[in-house]
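# Inside the fold
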Protein chains: 2
Amino acid sequence: MQKKRHSIKAIAKELNISVTTVSFVLNGKAEENRISQKLIDKVQAYVKEIGYQPSQLAKSLRTGKSNIIVFMVEDISNPFFATIAKMIEDKAYEEGYKIIYVSTNDDAEKTKGLIRMFKDLQVDGYILTPPLGLESEFVEEMSGDRNPLVLFDRYLPEVNCSHVVIDNFQGSKQGLDLFQAQGNKNIGFITIDSDQSQMHDRLEAYHQMCQQNDMEPKVLAIPYKSYSSQETEQAMKAFIEDSPEMDAVFFATNYLAMRGMQLIKQLGIKVPANMAVIAFDDNEFFKFSTPSVTSIVQPKEEIANQLIQTMLSLINTPVEKREPLKIVLHAELKERESTQIKVKG
Amino acid sequence: MQKKRHSIKAIAKELNISVTTVSFVLNGKAEENRISQKLIDKVQAYVKEIGYQPSQLAKSLRTGKSNIIVFMVEDISNPFFATIAKMIEDKAYEEGYKIIYVSTNDDAEKTKGLIRMFKDLQVDGYILTPPLGLESEFVEEMSGDRNPLVLFDRYLPEVNCSHVVIDNFQGSKQGLDLFQAQGNKNIGFITIDSDQSQMHDRLEAYHQMCQQNDMEPKVLAIPYKSYSSQETEQAMKAFIEDSPEMDAVFFATNYLAMRGMQLIKQLGIKVPANMAVIAFDDNEFFKFSTPSVTSIVQPKEEIANQLIQTMLSLINTPVEKREPLKIVLHAELKERESTQIKVKG
């Protein structure tokens, strides 16, 4: 389907000039190498005539630059990642970069295999949600590479690597503060069983609240990878039924809150009258459902902006002059019907 | 970060054997080339010892095979595409293939640029939602290439190329039949202004219904690319307010239905009492919203299955023996609250 590929060698032969001259012209280095304007015009006219397209692969092998940035996220079907993927792509495209996405499945081995593949393809940079179990040494070494690595959504506290994350502690705290301001006394916390930074910090805010208010922590940590959605629901059901005094639940992820709201409806518990609900991470469903769901909104547009700006700034800085760029953004509490209760005595 | 890369040449020198011998062993071609088992063991032991990883790029340049399939969709942030992307990835991974995603933005020029890039990267196959304006000749030529092309979601009727699509006409007809069975007399149709096969066939079902029932078609075709979401809402508002007798609306896309349901709520129109609603393409919101929304459900799992099976079957068939594989799947009507009205006289 492509035009027949002509080699630089064939062009040189046809025009009876050297391969080097053709190469200089094609790479925009003719002037600095004192090639005459007449010769430049001749090469360009011929190349246009035969419809020569330099091979991107040959070009990137030569220049070490592919203008490709890879965006490696846990799961591209998660609306949070999918939306940011799209936003990044639009911004990168304006800057002349193409974005390729892959899902890591939060699997360290798969991630390393993908990175090896992308290294061979000579991509220019990596945006990565580091999977569980990815070794610090691996990230450390990669972040010193010529092609920059920017961590996203979560980071490794022990590694000095560029990242764009949100303040998960502060985000969760806002929600928990609202529960308290509304007089909720028995607040449960449903999360996934993960010590990745983003999950750790959300739970940390809950533990701090419990400690400061002398509350007994009520945490359900679901081993979500080994659980089917049915098992997840059963675990939530048991958790809610075992604590009839619970008057509020904080869901630490989007996905858990969707399941949870459905379950609470099935159990006949009225939201917010009998139970207030907050979800970490917003989505369309929370906006339009009845009742609508209060959530901690991550600033997606700003995250996407910062990811691209950080990446381009690193790419455009010589590797020996680079300093890791660490961007921490704030999440916002969006109050909706699921927390609109009268303040209790 | 990677282990130091050792070349085949260096290995050959170190073991004092020929480069060809090393290459045969590494490519599993030692036996057919009568290399002794002793020598095979020696090479393998040494390669293991030094942690040699053959370069994927070098390998794919040599073999013309990268074990990469690209999945090029209109917009990866659309939940329909994002979900299928994930399903495909899981299936492909089991078969030893990696999936790379990109968004085409339904832009023919961008799509062609991406395909050129992927050709250079020597990917093994292309799954593509062909964008508006992609020339038949381009698709025609590409579908004769060594690396297969499978169209998805939509196809070009004039081109003999493999595809996996659903029967959009039959899917829409099921919804329109339900409206009629429930006694709706004034059915509106809201779609986007596109003549791509999937949109064409949905509208066609509506026009057929109008013709057979002597109804005046009421179609709003939104030029969605040039419209902001505010303009889209205004156009819908005018369309609905101009036809107070309208008692049912069929939304031809997911996205339009989400906006539409919100708008109908704002206008104080009761669903389904005053207006029945059906959406083409299901999502979580339709399932959980109040009222829940009747929709035409595309069989995502089956689509993903067929895409991978079709792709692998083409990859594994010599190009001269290939016949285009054309898979058409059926969508299902999922009845929910937005159409549960009593049958009128």
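Our structure is the block above this text.
I will try to describe carefully the structure that is included in this document. Because the structure is a prediction, the values reported are computed rather than measured.

Reading guide: rules and limits
- Here the residue numbering is sequential within each chain, running from 1 through the sequence in written order.
- All chains are assigned letters beginning at A, and all ligands numbers beginning at 1, according to the order in which they are written.
- Whole-chain, interface and lining totals are the exception, using all residues; otherwise, since this is a predicted model, local features are given only for residues with pLDDT of at least 70 and side-chain atom pairs are given and counted only at 80 or more.
- Heavy atoms throughout the structure, all of them, feed into the side-chain values; hydrogens and water do not.
- Only residues with pLDDT of at least 70 in both copies count here: their C-alpha atoms drive the least-squares fit that superposes the copies.
- Note on contacts: a residue pair is in contact if any heavy atoms of the two residues lie within 4.5 Å.
- Once two parts are put together, the accessible area they lose, assessed with a 1.4 Å probe and summed over both, is termed the buried area.
- In what follows, salt bridge is the name for a side-chain nitrogen of Lys or Arg lying within 4 Å of a carboxyl oxygen of Asp or Glu.
- In protein, a polar contact means a hydrogen-donor-capable atom and an acceptor-capable atom, both N or O and within 3.5 Å, with residues adjacent in sequence counting only if both atoms are side-chain atoms; elsewhere, any N or O pair within 3.5 Å suffices.
- Strands here mean DSSP runs of E at least two residues long; helices mean DSSP runs of H or I at least four residues long; both are numbered from the N terminus.
- Residues are grouped as follows: nonpolar covers Ala, Val, Leu, Ile, Met, Phe, Trp, Tyr, Cys and Pro; charged covers Asp, Glu, Lys and Arg; every other residue, Gly included, is treated as polar.
- In this analysis, axes come from line fits to C-alpha atoms, helices being fitted only over the stretch in contact, and the angle between any two N-to-C directions falls in the range 0 to 180 degrees.
- In what follows, roughly perpendicular refers to angles from 65 to 115 degrees, roughly parallel to angles under 35, roughly antiparallel to angles over 145, and oblique to any angle outside these ranges.
- Each cavity reported here is a set of points on a 1 Å grid over the protein atoms alone in which a 1.4 Å probe fits but cannot get out, each pocket an open set with protein on both sides within 12 Å along at least five of seven lines, and each lining residue one with an atom within 4 Å of a point.
- Grid points are joined across faces, edges and corners, and a volume is the space filled by probe spheres set on the points.

## What about the relation of the copies chain A and chain B?
By a simple turn and slide, chain A fits onto chain B: the slide is 0.1 Å along the axis, the RMSD is 0.2 Å, and the turn is 180°. Both chain copies can therefore be described as sitting about a two-fold axis. With an isologous cut-off of 70% or more, the 100% of interface residues of chain A that recur at the interface of chain B puts this contact in the isologous class.

## As for the interface of chain A and chain B
Across the boundary between the two partners, chain A contributes 48 residues, which contact 48 residues of chain B. Both sides together, the interface formed by chain A and chain B hides about 4500 Å², and carbon and sulfur atoms give 66% of it. Glu89(B) is paired through a salt bridge with Lys110(A); the nearest N and O atoms lie 2.6 Å apart. Connecting chain A to chain B are ten residue pairs in polar contact (both at pLDDT 80 or more). Listed by contribution, the elements that provide at least two residues to the side of chain A that touches chain B are α4 (56–63), α5 (79–94), β2 (98–103), α6 (108–120), α7 (136–143), α11 (254–266) and α12 (284–288) of chain A. Tallying contributions element by element places α6(A) first for the side of chain A that touches chain B, with nine residues. Split by residue class, the side of chain A that touches chain B holds 22 nonpolar, twelve polar and 14 charged.

## Quick notes on the packing of helix α2 (residues 19–26) of chain A against helix α3 (residues 37–50) of chain A
All names here are of chain A. Orientation of α2 relative to α3, taken along the N-to-C sense of each, is 80°, at an axis distance of 10 Å. When the interaxial angle is binned, α2 and α3 end up roughly perpendicular. Together, Thr21, Val22, Val25 and Leu26 of α2 and Leu39, Ile40, Val43, Gln44 and Val47 of α3 make up the contact between the two elements. Taken together, the residues that form the contact of α2 with α3 break down as seven nonpolar, two polar and no charged.

## Concerning the layout of surface pockets
Estimated volume of the second largest pocket: approximately 350 Å³. What lines the second largest pocket is a set of 16 residues, among which Met261(B), Gln262(B), Lys265(B), Gln266(B) and Thr290(B) lie closest to the centre. Mapped by element, the contributors of at least two residues to the lining of the second largest pocket are α12 of chain A together with α11 (254–266) of chain B. Considering every element that reaches the lining of the second largest pocket, the biggest residue donor is α11(B), with five residues. Residue classes in the lining of the second largest pocket are distributed as seven nonpolar, six polar and three charged.

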